[in-house]
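Residue-level structure breakdown
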Amino acid sequence: MSVKQIAVFIENKKGRLAEVTRYIADHNVNLRALSIADNQDFGILRIICEDPVAANGILREGGYITTVTDVLAAAISDKPGSLAQILEVLSEAGVMIEYTYAFLSAKGGAYMIFRVDDNQSAAAALAGAGIKTVDQEELF
Amino acid sequence: MGKYYQPEIECASAEELRKIQSEKLVKQVKRVYENVAYYRRLMEEKGVRPEDIRSVEDLHKLPFLTKADLRDAYPYGLLGTDLKNCVRIQSTSGTTGRRVVAFYTQADVELWEDCCARAIMAAGGTQEDVCQVAYGYGLFTGGPGLNGGSHKVGCLTLPMSSGNTERQIQFIQDLQATILCCTPSYAAYIGETMNEMGIGPGENTLKAGIFGAEPWTEEMRRNIEASLGIKAYDIYGLTETTGPGVAFECQEQTGMHINEDHFLPEIIDPETGEALPEGSKGELVFTNLDKEGFPLIRYRTRDICILSRKQCSCGRTLIKMSKPMGRSDDMMIIRGVNVFPSQIETVLIREGYSVNYLIEVDRKNNVDTLDVSVELTPDQFTDTVKELTEKEKALANAMKTMLGINPRVHLVAPKSIARSEGKAVRVIDKRKLHD
Ligand SMILES: [Zn+2]
């Protein structure tokens, strides 16, 4: 149960982020989630969209460097402490989290995206704790 | 036939060589002074007369010639004899400014081909060999030089010129070529292609290759040797002084023997022009001791290397030059350390990066800074900042080991480093703005 995320390399220069998001919009790629991480030289734009294969092709055609990664999307409920619970479960299972960000599906559900070192054991641990992870189709 | 083409020169004692060089130098300076108005003016400006040059010890008194002089004197200004005595021209590609046009008399062609013959024999060539010349023929010196040398040795010469790799391989196989002469990058390509076609290193008749006309690394040498199953020899030369064959490698592969009976080498400090003792690293300078058509005196090659007279196991006494380590006009002094873009390029190739890079040198708070931007390639990209930052650090460390100073490395997007026509702009030195 995982979701395909596209990461795009962008230089840390004025206007580069606007440029790539404009490019994505112009090619009718419908973004669902977007997060950015950076250091002083570059940024990595991470996106979740409906058709990641097509979107990745479009980005590469535009000369962008990209990589597609399987990430986990875990449903979070409205209750306080639900994120803390997920983090505890993953920590207990010995799963390392590289990064995480939030995401709202078109159908209205709230999700956290997790990039972990081991998708399978993370998904199993979450399932064991009654936390649902979804795949690509369920999000759109 | 022995293993030397001209043993009386190649294995001469140091004194004999010196005597030959001194006699030739005195004559050559006199001839150039009389025939080349351009150089006569340079000598007059320096206040040196032909009779001041009595042996190689006096070489340092003479003025230098540079690439700029060749440009200024284009095309006939450095001609050393009547045009009617010349039988040939060769020329450079002219990628960096005005092309060089060099003139050859028949004697010049002969001595050039002799030098190439020495190189072929040093690589084990005899009249039993089939020598495939896959350097370009034409204005470029590579093809004509090795072609002539191969004739002189008595090899069966295959004048292939470059390109048409399938045909090259067919000739290697059908005519059982034993020596391949071409650029190292083309040799690597031929080797790869043969391997892809299922022809392994032991499945051809080649035994040696003579590769030059562009910089190549020891790693490339190993790759070529492995893919073709040969021993790969380096050869050095430049159109200005004659072409390939100015220096050549022997079986020891620890530097190239300079044909110093024709090309008198010196190492100078590129900053001051001062001649440096044997073993010093500096700019290589050549004097054509007997060329008639285009006789250059103290021509600054801009190649940085080291000369050595250490005894060689091949028996040749000709002085050896190291593989050029960089170009003097590219040399930067950063925090007191000599840095060449070629060193940075070597690290990038070794670490698997693109050679599209930009070096920026600046001075902040009286300290020189060195920043290297490198275009990222798709297979190096990962989705975590941590991993990419680690790649930057690892690359900076590899460069520090090579250069002796610590650069900052920046990964940048593909095609983001500006390319001028032809050659990419590689260095921006902003320190000059502050001075
Ligand atoms: Zn030797």
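Going by the structure above, here's the rest.
Below you will find a few notes about this structure. On a predicted model such as this, the values are computed, not experimentally measured, just so you know.

Let's shift gears to the interface of chain A and chain B. Interface size is commonly expressed as the accessible surface area that is lost when the partners come together. Each partner contributes residues to the interface: chain A has 20 residues there, and chain B has 20 residues. Taken together, both faces of the contact between chain A and chain B bury some 1600 Å²; the carbon and sulfur share is 63%. At the junction of chain A and chain B, the tally comes to two salt bridges. The salt bridge partner of B:Asp383 is A:Arg115, with a shortest N-O separation of 2.6 Å. Linking chain A with chain B are eight residue pairs in polar contact (both at pLDDT 80 or more). At the level of secondary structure, the elements contributing two or more residues to the side of chain A that touches chain B comprise strand S1 (3–11), strand S2 (31–38), strand S3 (42–49), strand S4 (66–75) and strand S5 (97–104) of chain A. Top contributing element to the side of chain A that touches chain B by residue count: S1(A), with five residues.

Let us now look at the layout of surface pockets. All names here are of chain B. Approximately 460 Å³ is the volume attributed to the second largest pocket. Taken together, 20 residues make up the lining of the second largest pocket; nearest its centre are Arg18, Leu59, Pro265, Glu266 and Leu276. Within the residue set of the lining of the second largest pocket, elements represented by two or more residues are helix H2 (14–35) and strand S10 (263–268). Looking at the lining of the second largest pocket element by element, the count peaks at four residues for S10. When the residues that make up the lining of the second largest pocket are grouped by side-chain class, the tally is 10 nonpolar, four polar and six charged.

Once that is clear, we can look at the environment of B:Leu70. Residue and element names in this part refer to chain B. Mapped onto the elements of the fold, leucine 70 is located in helix H4 (residues 67–72). In sequence terms leucine 70 and arginine 99 are 29 residues apart; their C-alpha atoms lie 9.0 Å from each other. The contact partners of leucine 70, leaving out residues within four places of it in the chain, are Leu78, Val100, Glu240, Phe294, Leu296 and Tyr299.

The final tally for this structure, using the stated rule, is 13 aromatic pairs over all chains. Arranged with centres 6.3 Å apart and planes meeting at 55°, the rings of B:Phe103 and B:Phe294 form a pair that is tilted. Of this pair, B:Phe103 sits in strand S2 (residues 101–105) while B:Phe294 sits in the loop between strand S11 (281–288) and strand S12 (299–308), and the two are 191 residues apart along the sequence. Take B:Phe103: its relative accessible area is 5%, and that puts it in the buried class. On the numbers, 6.4 Å between centres and 40° between planes, the contact of B:Tyr236 with B:Phe286 is tilted. In this pair, B:Tyr236 sits in strand S7 (residues 231–238) while B:Phe286 sits in strand S11, placing the two residues 50 residues apart along the sequence. Summarising the burial analysis for this pair, B:Tyr236 and B:Phe286 share the class buried. Among the aromatic residues, those joined into a cluster by ring pairs are A:Phe9, A:Phe42 and B:Phe381. Above the plane of the ring of A:Tyr99 lies A:Arg46, whose end atom (NZ or CZ) is 3.4 Å from the centre. For the cation-ring pair, B:Lys291 lies above B:Tyr104, with the distance from its terminal atom to the ring centre recorded as 5.0 Å.

Residue and element names in this part refer to chain B. Protein coordination at the zinc ion: the donors are Cys250 (SG), His257 (NE2), Cys312 (SG) and Cys314 (SG), at 2.0 to 2.2 Å from the metal. Of note is the zinc ion, whose four donor atoms meet at the metal with angles of 102 to 113° in an arrangement that counts as tetrahedral. On the primary sequence, the residues serving as donors to the zinc ion are separated as C-x6-H-x54-C-x1-C. Comparing cysteine 312 with cysteine 314 shows no difference in burial state: the two are buried.

The rules behind each value
- Residues numbered from 1 in each chain as written.
- Chains lettered and ligands numbered in written order.
- Predicted model: local features only at pLDDT ≥ 70, side-chain atom pairs only at ≥ 80, totals over all residues.
- Heavy atoms only, no water.
- Contact = heavy atoms within 4.5 Å.
- Buried area = accessible area lost by both parts, 1.4 Å probe.
- Salt bridge = Lys/Arg side-chain N within 4 Å of Asp/Glu carboxyl O.
- Polar contact = N/O pair within 3.5 Å; in protein donor to acceptor, adjacent residues only side chain to side chain.
- Helix = DSSP H or I, 4+ residues; strand = E, 2+ residues; numbered from the N terminus.
- 1 Å grid on protein atoms, 1.4 Å probe; cavity = no way out; pocket = protein on both sides within 12 Å on 5 of 7 lines; lining within 4 Å.
- Points joined across faces, edges and corners; volume = space filled by probe spheres on them.
- Nonpolar A, V, L, I, M, F, W, Y, C, P; charged D, E, K, R; others polar.
- Phe/Tyr/Trp six-rings, centres within 6.5 Å; stacked < 30°, edge-to-face > 60°.
- Buried < 20%, exposed > 50% of the residue type's maximum accessible area, 1.4 Å probe, protein only.
- Lys NZ or Arg CZ within 6 Å of the ring centre and 35° of its normal.
- Donors = N, O, S within 2.8 Å, 3.2 Å for Na, K, Ca; no water.
- Tetrahedral: all angles 85-135°; square planar, octahedral: opposite > 155°, others 65-115°.

Keep in mind these numbers describe shape, not what the thing actually does.
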